[in-house]
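Letter by letter, the chains look like this.
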Amino acid sequence: MTTHSGSCHCGQVAFEVEGEITGGVACNCSMCQRKGSLLWFVPRTALRVTAGEDALATYTFNKHVVRHRFCPTCGIHPFGEGVGPDGTAMAAINLRCIEGIDLEAVPVTHYDGRAR
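A quick note: this is a predicted structure, and the numbers were derived from the prediction, not measured. (Residues numbered from 1 in each chain as written. Predicted model: local features only at pLDDT ≥ 70, side-chain atom pairs only at ≥ 80, totals over all residues. Heavy atoms only, no water.)

Topic: the overall build of the protein
As a reminder, the rule being used: Secondary structure elements follow DSSP: runs of H or I of four or more residues count as helices, runs of E of two or more count as strands, with numbering from the N terminus. The globule rule is 2.2 Å times the number of residues to the power 0.38, and the radius of gyration it is compared with is taken over C-alpha atoms. For each residue, the accessible area found with a 1.4 Å probe, counting protein chains only, is set against the maximum for its type, and the residue is called buried under 20%, exposed over 50%, and partly exposed in between. The contact definition used throughout considers only heavy atoms, calling two residues in contact when any of these lie within 4.5 Å. Areas reported here follow the Shrake-Rupley algorithm with a probe of radius 1.4 Å; residue values treat only the protein chains shown as occluding. A positive count includes Lys and Arg, and a negative count includes Asp and Glu. His and the chain ends are not counted in either. For this purpose, a charge sits on NZ of Lys, CZ of Arg, CG of Asp or CD of Glu.
Secondary structure assignment for the protein yields 1 helix and 10 strands. The secondary structure elements of the protein, listed N-terminal to C-terminal, are β-β-β-α-β-β-β-β-β-β-β. Whereas a compact globule of 116 residues would reach a radius of gyration of roughly 13 Å, the protein reaches 13 Å, a difference of no more than 12%. Each principal axis of the C-alpha atoms in the protein carries an extent, and together these give about 35 × 30 × 25 Å. Split into buried and exposed, the 116 residues of the protein put 41% on the buried side. In the protein, once contacts between residues fewer than 6 apart in sequence are set aside, the share between residues at least 24 apart is 54%. When the accessible area of the protein is evaluated, it comes to approximately 6,700 Å², of which 51% is carbon and sulfur surface. Computing the positive centroid from 10 side-chain charges and the negative centroid from 11, the protein places the two 11 Å apart.

What about the pattern of salt bridges?
Stated formally: Whenever Lys or Arg places a side-chain nitrogen within 4 Å of a carboxyl oxygen from Asp or Glu, that contact is recorded as a salt bridge.
Considering all chains together, one arrives at 4 salt bridges under this definition. Between glutamate 16 and arginine 48 there is a salt bridge; the shortest N-O distance is 2.5 Å. In this pair, glutamate 16 is assigned in strand β2 (residues 14-18) and arginine 48 in strand β5 (residues 47-51), connecting sequence segments 32 residues apart. Overall, glutamate 16 belongs to the partly exposed group, its relative accessible area being 26%. Salt bridges sharing common partners tie together Arg44, Arg67, Arg69 and Glu81.

Looking at the nonpolar core
The condition is simple: We call a set of buried residues a nonpolar core when its members are Ala, Val, Leu, Ile, Met, Phe, Trp, Tyr or Cys and they connect through side-chain atoms within 4.5 Å of each other.
Core analysis: the biggest nonpolar cluster contains 20 residues, and Phe15, Val17, Trp40, Val42, Leu47, Ile93 and Ile98 have the highest contact counts within it. At the level of elements, β2, β4 (39-43), β5 and β9 (89-94) are the ones that each hand at least two residues to this core. Formed by 6 residues, the second largest nonpolar core is a distinct cluster that contains Cys29, Met31, Cys32 and Leu39.

Here you go:
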């Protein structure tokens, strides 16, 4: 299993996540469209915040089921947290915050979050 490192822009929040990146999700909900995130969903246990966990801010909206986590200093959203349909704690990693990956090579699935 591969360990990927990532962070917000200013580096106050850093993380590691384990897994193989096989694709990303581009959601068009009102939040994701504005952020421009490319999301990779993993079990929450695969994500380890290595710096700044106490500094992370949280934003929720609509049904308040996804906790959008962001750095209050630079405003970057490195990941979100929620629960999958089966009840498993999940993390939605913003692939744009992962170091050293070729985003052009990641297959993208478009999700109609606006309709949900």
